Amino acid sequence: MTQTPLRRLIDLPGVDDLELKALMKPRYADPDARDEFPEIDALTQALFGLTVETAEAVERPGDWDDIHRLSGADLAEAFEALGWDVTDKRRKPLRLMAHYALPLALAIRGVAGELPFHAEADHPTTDWGAGLAADAARFRKR
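Everything numeric in this text was worked out from a predicted model, so none of it was measured.

**Q** What should I look at first to understand the nonpolar core in this one?
**A** Soluble, globular proteins show a tendency: their nonpolar side chains are buried together. Leu 9, Val 15, Phe 79, Met 97 and Tyr 100 are the most contacted members of the largest nonpolar core, which totals 35 residues. Listing elements by their share of this core, those giving two or more residues are helix H1 (15–24), helix H2 (38–48), helix H4 (72–81) and helix H5 (97–108). Per element, the largest residue contribution to this core is nine residues, and it comes from H5. Non-local contacts of Phe 79, meaning those with residues more than four positions away in its chain, are made with Ile 67, Trp 84, Val 86, Met 97, Ala 101, Leu 104, Ala 105 and Ile 108.

Right, dumping it as structure tokens:
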């Protein structure tokens, strides 16, 4: 049984660029400073069809688990269970996850907004080429 690979949030257009800005200016990551940086809302609107403010105004279902209030490794694990990798190259949660968490959670669960288009693979990947490469190497040695 093959497991579906996780979708990486950092691979979505604009996320890595904004993460770099947050690295250079840590105030980006502060949820209280969102009004200072309109590009955060512009990105969440472009990706999920929701700004953070509109996401906060959405009425959540009665069984909502407040996934967006988690932090650190707990947040990363919760989104991983939903099929999303929300970490950087060093496997640390993204700096701006406090901004992305609610719009992403609402979109994943189909409550509000939408997920960005993701093309499915045309065919399952196989390792048949590895055998051919080994055969070719043996043939060349003869």
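**Q** Explain a nonpolar patch on the surface here, please?
**A** Nonpolar side chains collect at one region of the surface, where Leu 20, Leu 23 and Met 24 lie side by side and expose about 330 Å² of accessible area between them. Along the polypeptide, Leu 20 turns up in helix H1.

**Q** What am I meant to see in the packing of H1 against H2 here?
**A** Helix packing geometry: the angle between the two helix axes and the distance between the axes. Where H1 contacts H2, the axes come no closer than 11 Å and their chain directions differ by 160°. It follows that H1 is roughly antiparallel to H2 by the angle criterion. Both H1 and H2 take part in a crossing whose hand is left-handed. For the pair H1 and H2, contact is made by Val 15, Leu 18 and Lys 21 and by Glu 39, Ile 40, Leu 43 and Leu 47, respectively. The class makeup of the residues in the contact of H1 with H2 is five nonpolar, no polar and two charged.

**Q** Please clarify how the side chain of Arg 7 should be interpreted in this entry.
**A** Looking at where Arg 7 falls in the secondary structure, it is placed in strand S1 (residues 7–8). One polar contact links the side chain of Arg 7 to the main-chain carbonyl oxygen of Pro 116, over a distance of 3.2 Å.

Basis of the calculations
- Residues numbered from 1 in each chain as written.
- Predicted model: local features only at pLDDT ≥ 70, side-chain atom pairs only at ≥ 80, totals over all residues.
- Heavy atoms only, no water.
- Core = buried A, V, L, I, M, F, W, Y, C linked by side-chain atoms within 4.5 Å.
- Buried < 20%, exposed > 50% of the residue type's maximum accessible area, 1.4 Å probe, protein only.
- Helix = DSSP H or I, 4+ residues; strand = E, 2+ residues; numbered from the N terminus.
- Contact = heavy atoms within 4.5 Å.
- Patch = residues over 30% accessible without salt bridge, like charges linked within 9 Å, V, L, I, M, F, W, Y side chains within 5 Å.
- Areas by Shrake-Rupley, 256 points an atom, 1.4 Å probe, with all protein chains shown as cover.
- Salt bridge = Lys/Arg side-chain N within 4 Å of Asp/Glu carboxyl O.
- Axes fitted to C-alpha atoms, helices over the stretch in contact; angles between N-to-C directions.
- Parallel < 35°, antiparallel > 145°, perpendicular 65-115°, else oblique.
- Left-handed = near helix turned anticlockwise from the far one by under 90°.
- Nonpolar A, V, L, I, M, F, W, Y, C, P; charged D, E, K, R; others polar.
- Polar contact = N/O pair within 3.5 Å; in protein donor to acceptor, adjacent residues only side chain to side chain.

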